[in-house]
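Each chain is listed here by its residues.
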Amino acid sequence: GQNIDQPTEMTATEGAIVQINCTYQTSGFNGLFWYQQHAGEAPTFLSYNVLDGLEEKGRFSSFLSRSKGYSYLLLKELQMKDSASYLCAVSLGGATNKLIFGTGTLLAVQP
Amino acid sequence: DTAVSQTPKYLVTQMGNDKSIKCEQNLGHDTMYWYKQDSKKFLKIMFSYNNKELIINETVPNRFSPKSPDKAHLNLHINSLELGDSAVYFCASSQDRSLGNTEAFFGQGTRLTVV
C-alpha cells in the first residue's frame, strides 16, 4: 500500500518560520509535490522535488531525502494569508504515474 | 480564462438521484483526473484519463462512471446517489503523465451534498 504521513495541524506566529514534515512509503517514486489549499478553494502547486536537496522559491522552500522517504516544506516570514492546508503528494511513476496525496496539514497563522 | 473549469460548483440532491459533474480544461493537457475530498480533507484519486483512455480506476463503486468525449473534457456521472457520496469533487489536469515534474492544475471543485 501507499502511505504518506503529515501532521494534522500546526500553529505558528506571523513573521516566524514553520516547517511542515512529510514522510512517505510508496511502491514507486517519481517526485514529490507540495500543494497549498485555502478553505473552500482548489489546491495550488507550490513546489516539486525529485532529487535530494533543497529547492527554494521565495518565502517557501522544500527539501527531499529519498533515502529517508522524507520531505519538508519551510515557510519563512509567515503571513496571515499563509493560513491554509498544505498537502504533500507523491508521483508514483510507472505506467500511470499516479499522484497520491497525504492527509494534509492545516496551518493556522496567528498574529 | 479559467484553466480547469468544472460545473456546477454546488450540487444538492436527494438520495437515489443521478447527477453529472462536467469538467473542461483549456491547457492542452493530455491527462485529466477526478479526485474526491472528504470531510477530513483527504484528497483521494478516483479516475485518470490520458488522451481519452482510462488509465487509473481506483476502487470506486461502479455507480461512478467517468466519460471523456475528448482530451479536453472529463465528466463524472454518478448513479443512485448515496449519503456517503457527499464530498467535494475536484477535476484536475496535467501535461503528460509520464513526466514526473508535471504539476496538476485543479478545478475549483464541486461540493456535492446528498440529502
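### With respect to the packing of aromatic side chains
Residues and elements named next belong to chain A.
So, step 1. If you walk through the whole model with that rule in mind, you get 16 aromatic pairs over all chains.
So, step 2. Taking 5.6 Å as the distance between ring centres and 55° as the angle between the ring planes, the aromatic pair formed by Tyr 35 and Phe 101 counts as tilted. Of this pair, Tyr 35 sits in strand β4 (residues 32-37) while Phe 101 sits in strand β10 (residues 99-101), placing them 66 residues apart in sequence. Of the two residues, Tyr 35 and Phe 101, both sit in the buried class.

### Regarding the pattern of salt bridges
So, step 1. In total, this model carries seven salt bridges over all chains according to the counting rule given.
So, step 2. Between Lys 98 of chain A and Glu 58 of chain B there is a salt bridge, and its shortest N-O distance comes to 2.7 Å. In this pair, Lys 98 of chain A sits in the loop between β9 (84-91) and β10 while Glu 58 of chain B sits in the loop between β6 (53-57) and β7 (64-70), so the two residues belong to two different chains.
So, step 3. Its relative accessible area of 23% is what places Glu 58 of chain B among the partly exposed residues.
So, step 4. Arg 63 of chain B is paired through a salt bridge with Asp 85 of chain B; the nearest N and O atoms lie 2.8 Å apart. Residue Arg 63 of chain B is located in the loop between β6 and β7, and its partner Asp 85 of chain B is located in the loop between β8 (73-78) and β9 (87-94); the two are separated by 22 residues in the primary sequence.
So, step 5. Residue Arg 63 of chain B is classed as buried on the basis of its relative accessible area, which comes to 13%.
So, step 6. A single network of salt bridges, built from pairs that share partners, joins Arg 63, Glu 82 and Asp 85 of chain B.

Parameters and conventions
Residues numbered from 1 in each chain as written. Chains lettered and ligands numbered in written order. Predicted model: local features only at pLDDT ≥ 70, side-chain atom pairs only at ≥ 80, totals over all residues. Heavy atoms only, no water. Phe/Tyr/Trp six-rings, centres within 6.5 Å; stacked < 30°, edge-to-face > 60°. Helix = DSSP H or I, 4+ residues; strand = E, 2+ residues; numbered from the N terminus. Buried < 20%, exposed > 50% of the residue type's maximum accessible area, 1.4 Å probe, protein only. Salt bridge = Lys/Arg side-chain N within 4 Å of Asp/Glu carboxyl O.

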